[in-house]
Amino acid sequence: LVTGIVGPLTSENVVFVYGAVREAGKPLLSPAATSPALATLDDGGFVFSTTVTDSYQGRVLAQIARDEGSGRVFVVYRADAWGRGLSAVFIEEYERLGGETRQHAYNPATLNTATIVDELRANEATTVLAISFLDDAAAIIKSVTNAGEQPAWLLTDGSSAGQLLAKIGDPSLLNGAVGVSPSP
């Protein structure tokens, strides 16, 4: 007998399964899904999350970017529910605070870091906000820095600092990086 479901962890996967959850009439509790889009799902009241939405994270990142004097921020984000939602909140808030943004959405299955480097250069951004999970964040950071670019980095809850440092291998690539993460 199934009385409820714990998981999935990502917003994209919650979006994928919410219809089945609604039909089954069983509650789904995600410990990590944060997309603001989840609040508007026609889920029959059966989908819950135990963490704050990216509406909060995006506003905090925008405030940090402004306080750090980030100038033009190049927002690189996953083209999924989480990436689209968080980037939209960040861009709206950062521009409201007087900042400038440029953006690049990517499909994680076909991540092309050379394109990201080219767009970063073309847009003359001084800061990169990487809305990505661990492996993608590491690939993006390595590619950008190996191409000779040294932007300031803003990082999200999608890439753990300790694990990210291990993935990129050179901690100096993240000198001055700022990130957010939910507290335990």
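Engineer: Just give me the short version of the pattern of salt bridges, but keep the residues and values in it.
Structural biologist: For the structure shown, the criterion picks out 9 salt bridges. Asp42 is the salt-bridge partner of Arg22, the closest N and O atoms lying 4.0 Å from each other. With Arg22 in helix α1 (residues 11–24) and Asp42 in the loop between β2 (28–30) and β3 (47–49), this residue pair connects regions lying 20 residues apart in the sequence. Overall, the relative accessible area of 31% leaves Arg22 in the partly exposed class.

Engineer: How would you sum up the sheet that holds strand β4 (residues 72–78)? Please name residues and give values.
Structural biologist: With respect to topology, 5 strands assemble into an open sheet ordered β5-β4-β6-β7-β8, the strand pairing being parallel. The open sheet has two edge strands, β5 (100–106) and β8 (178–179), and neither has a second partner. Bridge count for β4 against β5 is 7 bridges, and the pairing is parallel. Its bridge partner being in β5, Tyr77 is matched across the sheet by Ala105. The strands touched by helix α5 (residues 134–146) are β4, β5 and β7 (152–155); relative to β7, the strand with the most contacts, the crossing angle is about 175°.

Engineer: Talk me through the side chain of His104; I want residue IDs and the actual numbers.
Structural biologist: Along the chain, His104 turns up in strand β5. Polar side-chain contacts of His104 include one of 3.1 Å to the side chain of Glu119. When residues no more than four places from it in sequence are discounted, the contact partners of His104 are Phe74, Val75, Val76, Tyr77, Thr115, Ile116 and Glu119.

Engineer: Outline the nonpolar core, listing residues and values.
Structural biologist: Ile141 and Leu164 are the most contacted members of the largest nonpolar core, which has 21 residues in total. Residue assignment for this core shows that the elements contributing at least two residues are β4, α4 (113–123), β6 (127–131), α5, β7 and α6 (161–168). For this core, the element with the most residues is α5, which contributes 6 residues. If we skip the residues at most four places from it in the chain, Ile141 touches Trp153, Leu155, Leu164, Ile168, Leu173 and Leu174. In terms of nonpolar packing, the next biggest core, distinct from the first, is built from 17 residues, Ala62, Ile64, Ile91 and Val180 among them.

Engineer: Can you lay out the pairing of β6 for me, pointing to particular residues and giving the numbers?
Structural biologist: For β6, a buried count of 5 out of 5 residues is recorded, marking the element as mostly surrounded by other parts of the structure. Because side chains alternate across β6, one face comprises the buried residues Thr127, Leu129 and Ile131, and the other comprises Val128 and Ala130, equally buried. Taken together, the 5 bridges between β4 and β6 define a ladder with parallel strand orientation. Paired with Val76 across the two strands is Ala130, which belongs to β6. Looking at chain direction, β6 and β7 are connected through 4 bridges and run parallel. Across the sheet, Val128 pairs through a bridge with Trp153, a residue of β7.

Criteria and thresholds
Residues numbered from 1 in each chain as written. Predicted model: local features only at pLDDT ≥ 70, side-chain atom pairs only at ≥ 80, totals over all residues. Heavy atoms only, no water. Salt bridge = Lys/Arg side-chain N within 4 Å of Asp/Glu carboxyl O. Helix = DSSP H or I, 4+ residues; strand = E, 2+ residues; numbered from the N terminus. Buried < 20%, exposed > 50% of the residue type's maximum accessible area, 1.4 Å probe, protein only. Pairing = 2+ DSSP bridges. Contact = heavy atoms within 4.5 Å. Axes fitted to C-alpha atoms, helices over the stretch in contact; angles between N-to-C directions. Polar contact = N/O pair within 3.5 Å; in protein donor to acceptor, adjacent residues only side chain to side chain. Core = buried A, V, L, I, M, F, W, Y, C linked by side-chain atoms within 4.5 Å.

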